[in-house]
Every structure is written in structure tokens, then in C-alpha cells.
Amino acid sequence: MDASPSFSTNGNNNTIPVMDLQKPDFSNLVHHWCRPARASSNDYADRFIPNRAATNMDLAQGLLTIPRKEDSTVGISPSREAYRKLLVDTLLQGRTRIFKFRNQPRTPKRSFLDLPPAQPIKKQRRIPHHQEESLDVQDIICNRQLNLLDWGSNNILAVAVNDTVYLWNAITKSVSELVTVDDPITSVSWDLDCRRIAIGLNNSHVQLYDPATNKMIRTLQGNDQDVLVGSLAWNNYLLTTGSADGLIINNDVRIRSPIVSTYDNHSDGICGLKWSPSGQYLASGGADKLVHIWDISKSDPLHRINDHTASVRALAWCPFQSNLLASGGGKTDESIKFWNASTGACLKSVNTGSEVSGLLWNKSERELVSSHGRTKNQLVLWKYPSMAKMAELIGHLSPVLYLAQSPDGCQLASASKDETLRIWRISEKPTNKTTSRTSFVVGPCNMYSSIR
């Protein structure tokens, strides 16, 4: 016969079922032991101190003493069981106890403090492909042996147009005339602190002017021959001039007889002159396809380089590597070459596809800017040392002949046979959306400027 439940009463005469202790069945068990039976009005209980008279003590004792069957895993899917084991292994890591007293805490395998600091995300650089300013330079002389642009450290661009030098202020965008002379101007160059500006003429003379007063300081005379002075380069108080007959003259502008030394190693006209940032080396490029590197303490060239196959006008010393020189070849050469000034070795050569008329190192990045002739008449921004093209600045309609850089390295000025001078920005600084156009016009009134 099946076992039937028995009944018992508590002190309050409440009848409560008691389960068979021999064959317990928990399937429909309701935990009555924690529910107080109906108590009389005289029974009082507290949340933490229960009333024993209102508790089913028999049922509570049975739940504490009768062994319960272990939970069965029957019916649990294999994936859920695998997840449970993985979770236990991950959280407990082989331990049987979650909390365990130790003398010292366990050393973590790797702390987030050991991770390398996050690198700041560099803002993507945007290089505008259109000029910021466009200026008309009518009657500018187009000659590959001349150098008619120079941007001073005072942020004023000097432009030689025929027989007049104009000054363009890059901050105010205003134009003023420095001087008009009797002969065509063939070169122009600021000194390092912009207290003097040198003007080369086609009669072998060089005139020094004070830009603050627009007055001439003195005239430096070259040879008796009437040859043009196409290149100028400053090294502190030393002004180096290069003329069309291949003669290089070093002048100390502080003394009455300024000529300190002369170099006569080029067989044809001087096209470019550049002093190194340290002032130790002078580089000269000529129409004879040669590049000479001079030591200031010696009278003979330190190195004579004849690797170019056309005239060499573009020269640039690297600002972050003092003995690195870049040179660019003309129409039949079309290459940019890099030289070690100490050894004279060629470090790299890149074919650009067109004549190289100018070279400038970027002052804030490891980059090089080159100006070119046909067919694109463009400026190219190169990444050094990979020489990957970063940008091409296209706008001129004729070969670019003259190139200059602003003192902060953010802007470039280029002049072309199309009689325009264009200002380009290669930095990320914000620029005005509108483009102004200024004219330098030679006529009865000498010069006028108009913003259109």
C-alpha cells in the first residue's frame, strides 16, 4: 500500500502535512517552514528574532537532515556544458576555492600598466593643390642663369622685375617699391637678419640697400668685364657672387676693400650658389654641367662633380643633415642627385621626367620641393629619403624659373615664363577661400598694385 501523508498539529491547533521521511519527494515541496502559521494576537515576532511558536520545526528539521539528490546534468546540451567548464576554468584557473588566504597576493601575468602607452594619433595632413595667391609680374626676365626671387626672414618677398625690385609683405599682402636702377637686375638676395638686401646687375656690379630707408649702402665692383651677376649667397658678413664668366667672388661687406677670395674653376657661367647651414661649405653649379663643393678654408674645390648631363642651377643643403647636398639637372638631365659633402659620394639619384629649375628643403618636415619645366611646369613635394611623391602643385602655363620659401617653411613662391608669381601653401594652416590677385606693372608710373 502506498504511503500516505500523516498530519500533526502545532501549538496553535494548525494542521500541517508532514512528508514521509523514508521516501522524500521534493518535486512539489513548498517551503512552509519559513512561513509563519497564523498567529494569535498575542504572538509577536521580529525580523531577526523569529517567533518559534509560529515556525514549523518538524519540516525545518527534515529539510536540514534529509540528504538531497545532486542536481543532474541530464538534459543539458553539450555546448552549454562545454561553456560551463570553460567558464569555471577561466574564472577559477584551476583553483578549488574562490577565496583563499595567502601571505601575498598573486602576481598577475600581465598588468595593464605594463602595456606600452598609446601613441597619439597624428592628424592627417592636407596639402592644397591650388595656389593661395597669384601675382602678375609683367616683363620679368626669363633666364635660367638668374635668381630673381628671395624670401627674407622678415617675411617679405623680394621680386626683381626688369630694373625694379618690389617688396611683397606676406602678412599685410601689401606691395612697395624698393628701388629702380639704370640696368636690368639679374639677382636679388636678403642677408640673414634682413638688414641688407643685395642686388646683382648685368654690369658685374652688386649694390647693397637698406630696406628700412630704401637707400643704397655701397656698391661692390666685380671684374672690369660687363658680365651679369646671376647668383648671390650670404654667409654672415660674407657675400658670395657668381657671374656669367664662371667667376666666384667672396666679399666681406664690412671692410673697404671687400674682395677676400676668388674661385675660377667653372668654364662657363655660374647658375647657382648655396652656403651650407654651418657656413663651412659652398656649393656652386654651372652651365658647364659641374657641381663644385668648396671648403671655406681652402682655395681649391673640395670635390668636383661631373655626374650631371646638363647645366646645374638647383642646389639645396639639407637642414637636418649638415653634409647632405641636393642638386638638380637641366633639360637633358632631369634628375635630382644627393651628395655627401664630406666624401663627394653620390647617395641617391632620382629621374623626375623634366628639367629641375629649383630645389628647397622643407624646414619642418623631411621633405624636398622641386620646380620643373615642361610638360607640366609643376612643383613637386617629395618625401625624403624614399623620394615618394606627396603632391604635385600645378598651375603655371610655362616652365617655372624661380623658387623661394617663406621663413616658416609653410609657403612657397614660384615665378614662371607665363609672367605670374604664385604663392603655394604646403602646411596645414587654414587659408582663405578667396584668392587675391596682385599686379606688378612696369610703366610710366613705375608700379601699381590692384586686388581683384
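Above this note sits the structure.
Rules and cut-offs
Residues numbered from 1 in each chain as written. Predicted model: local features only at pLDDT ≥ 70, side-chain atom pairs only at ≥ 80, totals over all residues. Heavy atoms only, no water. Helix = DSSP H or I, 4+ residues; strand = E, 2+ residues; numbered from the N terminus. Expected span 1.5 Å × (residues − 1). Core = buried A, V, L, I, M, F, W, Y, C linked by side-chain atoms within 4.5 Å. Buried < 20%, exposed > 50% of the residue type's maximum accessible area, 1.4 Å probe, protein only. Contact = heavy atoms within 4.5 Å. Patch = residues over 30% accessible without salt bridge, like charges linked within 9 Å, V, L, I, M, F, W, Y side chains within 5 Å. Areas by Shrake-Rupley, 256 points an atom, 1.4 Å probe, with all protein chains shown as cover. Salt bridge = Lys/Arg side-chain N within 4 Å of Asp/Glu carboxyl O. Phe/Tyr/Trp six-rings, centres within 6.5 Å; stacked < 30°, edge-to-face > 60°. Lys NZ or Arg CZ within 6 Å of the ring centre and 35° of its normal. Pairing = 2+ DSSP bridges. Axes fitted to C-alpha atoms, helices over the stretch in contact; angles between N-to-C directions. Polar contact = N/O pair within 3.5 Å; in protein donor to acceptor, adjacent residues only side chain to side chain. 1 Å grid on protein atoms, 1.4 Å probe; cavity = no way out; pocket = protein on both sides within 12 Å on 5 of 7 lines; lining within 4 Å. Points joined across faces, edges and corners; volume = space filled by probe spheres on them. Nonpolar A, V, L, I, M, F, W, Y, C, P; charged D, E, K, R; others polar.

1. So, helix 2 (residues 78-92)
Reasoning step 1: Between the first and last C-alpha of helix 2 there are 21 Å, a value that for 15 residues agrees with the 21 Å anticipated at 1.5 Å per step.
Reasoning step 2: Looking at the residues trailing helix 2, positive phi occurs at Q93, about 55°.

2. Thoughts on the nonpolar core
Reasoning step 1: L157, V165 and L421 are the most contacted members of the largest nonpolar core, which has 37 residues in total.
Reasoning step 2: Residue contributions to this core peak at 6 residues, all from strand 5 (residues 156-161).
Reasoning step 3: Those residues in contact with L157 that lie beyond four places of it in its chain are D150, W151, Y166, L167, W168, A404, A413, L421 and I423.
Reasoning step 4: The next biggest cluster of nonpolar side chains, apart from the first, holds 16 residues, and it includes A326, F338, Y384 and M387.

3. Description of a nonpolar patch on the surface
Reasoning step 1: Residues Y83, L87 and L91 make up a contiguous nonpolar surface patch of roughly 330 Å² in combined accessible area.
Reasoning step 2: Mapped onto the fold, L91 is located in helix 2.
Reasoning step 3: The class of L91 is exposed, set by a relative accessible area of 55%.

4. Remarks on the pattern of salt bridges
Two side chains of opposite charge can pair, provided their charged atoms sit close to one another.
Reasoning step 1: As enumerated under the stated definition, the model contains 10 salt bridges in all.
Reasoning step 2: The closest approach of N and O atoms between E81 and R84, which form a salt bridge, is 2.5 Å. In this pair, E81 and R84 are both assigned in helix 2, 3 residues apart and thus about one turn of the helix distant.
Reasoning step 3: The partner of D191 in a salt bridge is R196, and the shortest N-O contact between them spans 3.4 Å.

5. Quick word on the packing of aromatic side chains
The relation between two aromatic rings is expressed through the spacing of the ring centres and the mutual angle of the planes.
Reasoning step 1: Inspection of the entire model under this criterion finds 8 aromatic pairs.
Reasoning step 2: Between W151 and W168, the ring centres sit 6.2 Å apart and the planes meet at 70°, which makes this aromatic pair edge-to-face. Here W168 lies in strand 6 (residues 164-169) and W151 lies in strand 4 (residues 149-151), a separation of 17 residues in the sequence. Per residue, the accessibility class of W151 equals that of W168, and both read buried.
Reasoning step 3: Among the aromatic residues, those joined into a ring-pair cluster are F320, F338, W361 and Y384.
Reasoning step 4: For R366, the ring lying beneath its charged end belongs to F320, and the centroid distance is 4.2 Å.

6. A look at unusual backbone geometry
The phi angle of most residues is negative, glycine excepted, and most peptide bonds adopt the trans form.
Reasoning step 1: Geometrically, the link from R374 to T375 is a cis peptide bond, its omega value of 15° lying close to zero.
Reasoning step 2: Along the chain, the position of T375 falls in the loop between strand 25 (367-372) and strand 26 (379-383).
Reasoning step 3: That bond from Y384 to P385 is cis: its omega, 10°, falls within 30 degrees of zero.
Reasoning step 4: Within the secondary structure layout, P385 lies in the loop between strand 26 and strand 27 (388-393).
Reasoning step 5: Residue N162 is not a glycine yet carries a positive backbone phi of 60°.
Reasoning step 6: Position of N162 relative to the elements: it lies in the loop between strand 5 and strand 6.
Reasoning step 7: According to the relative accessible area criterion, N162 is partly exposed, its value standing at 27%.
Reasoning step 8: Of note in the backbone geometry, C194 takes a positive phi value of approximately 60° without being a glycine.
Reasoning step 9: Inspection of the secondary structure assignment puts C194 in the loop between strand 8 (185-190) and strand 9 (197-201).
Reasoning step 10: The class for C194 is buried, based on a relative accessible area of 9%.

7. Description of the pairing of strand 12 (residues 229-235)
Reasoning step 1: For strand 12, a buried count of 7 out of 7 residues is recorded, marking the element as mostly surrounded by other parts of the structure.
Reasoning step 2: Here strand 12 runs beside strand 13 (residues 238-243); their pairing, made up of 6 bridges, is antiparallel. Bridging across to strand 13, N235 finds its partner in L238.
Reasoning step 3: As consecutive antiparallel partners, strand 12 and strand 13 are separated by 2 residues, and within that stretch N236 has a phi angle of approximately 60°, a positive value.

8. Some points on the sheet that holds strand 19 (residues 301-305)
Reasoning step 1: One open sheet holds the 4 strands; their spatial order is 16-17-18-19, and the pairing between them is antiparallel. Each having just a single partner strand, strand 16 (270-275) and strand 19 make up the two edges of the open sheet. Going from strand to strand, the sheet's axes swing by 15° on average, the running direction of each strand aside.
Reasoning step 2: Pairing analysis gives 5 bridges linking strand 17 (residues 281-286) to strand 18 (residues 291-295), with the strands arranged antiparallel. Across the sheet, S284 pairs through a bridge with H292, a residue of strand 18.

9. Description of the sheet that holds strand 10 (residues 205-210)
Reasoning step 1: An order of 8-9-10-11 is seen for the 4 strands of this open sheet, with the pairing classed as antiparallel. Where the open sheet ends on each side, the last strands, each with one partner, are strand 8 and strand 11 (215-221). Within this sheet the neighbouring strands show an average axis-to-axis angle of 20°, counted without direction.
Reasoning step 2: By the bridge criterion, 6 bridges tie strand 10 to strand 11 in an arrangement that is antiparallel. Pairing of L208 across the sheet is with R218, part of strand 11.

10. Some details on the side chain of H266
Reasoning step 1: Positionally, H266 belongs in the loop between strand 15 (259-263) and strand 16.
Reasoning step 2: On the basis of relative accessible area, H266 is assigned to the buried category, the value being 3%.
Reasoning step 3: Engagement of the side chain of H266 in a polar contact is seen with the side chain of D288, the distance being 3.1 Å.
Reasoning step 4: One polar contact links H266 to H292, side chain to side chain, over a distance of 3.5 Å.

11. Quick notes on empty space enclosed by the protein
Reasoning step 1: This model, assessed by the stated rule, comprises 1 cavity of 30 Å³ or more.
Reasoning step 2: When contributions to the lining of the largest cavity are tallied by element, the ones reaching two or more residues are strand 11, strand 13 and strand 14 (248-252).
Reasoning step 3: Residues of the lining of the largest cavity, tallied by class, amount to 6 nonpolar, 7 polar and 1 charged.

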